[in-house]
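Spelled out, the chains give:
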Amino acid sequence: MESMEQGPVEFHLEPHGPIYAKGKLKIIDSKGNVQELEEAYFCRCGRSQNKPFCDGSHQR
Ligand code: FES
């Protein structure tokens, strides 16, 4: 996989919800799997079944 260009990343904290990140994101899990995204919502409530991403569980 070719590496993405670097650039600024913005983070926005959603009230009582996830962290929204926008930019060139490279996410590496504990097994070394790499995901390259341009935006993502990261869970900060601990309830998501799809960590590190928000799955909407914070609303329940
Ligand atoms: S912030 Fe949305 S599931 Fe945790």
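So, a few notes on the structure that sits alongside this text. (Residues numbered from 1 in each chain as written. Predicted model: local features only at pLDDT ≥ 70, side-chain atom pairs only at ≥ 80, totals over all residues. Heavy atoms only, no water.)

**Digging into the overall build of the protein**
Of regular secondary structure, the protein possesses zero helices and three strands. Secondary structure elements of the protein, listed N to C terminal, follow the sequence β-β-β. Within the protein, the fraction of its 60 residues that count as buried is 22%. A fraction of 22% describes how many contacts in the protein between residues 6 or more apart in sequence connect residues 24 or more apart. A total accessible area of about 4,900 Å² is found for the protein, and carbon and sulfur atoms account for 48% of it. (Helix = DSSP H or I, 4+ residues; strand = E, 2+ residues; numbered from the N terminus. Buried < 20%, exposed > 50% of the residue type's maximum accessible area, 1.4 Å probe, protein only. Contact = heavy atoms within 4.5 Å. Areas by Shrake-Rupley, 256 points an atom, 1.4 Å probe, with all protein chains shown as cover.)

**Here we look at the environment of Pro 18**
Secondary-structure assignment places Pro 18 in the loop between β1 (10-13) and β2 (19-28). Judged by its relative accessible area of 7%, Pro 18 falls in the buried class. Counting along the chain gives 14 residues from Pro 18 to Gly 32, while the straight-line C-alpha distance between them is 24 Å. Leaving out residues up to four positions away in the same chain, Pro 18 has contacts with His 12, Leu 13, Tyr 41, Phe 42, Arg 44, Cys 54 and His 58.

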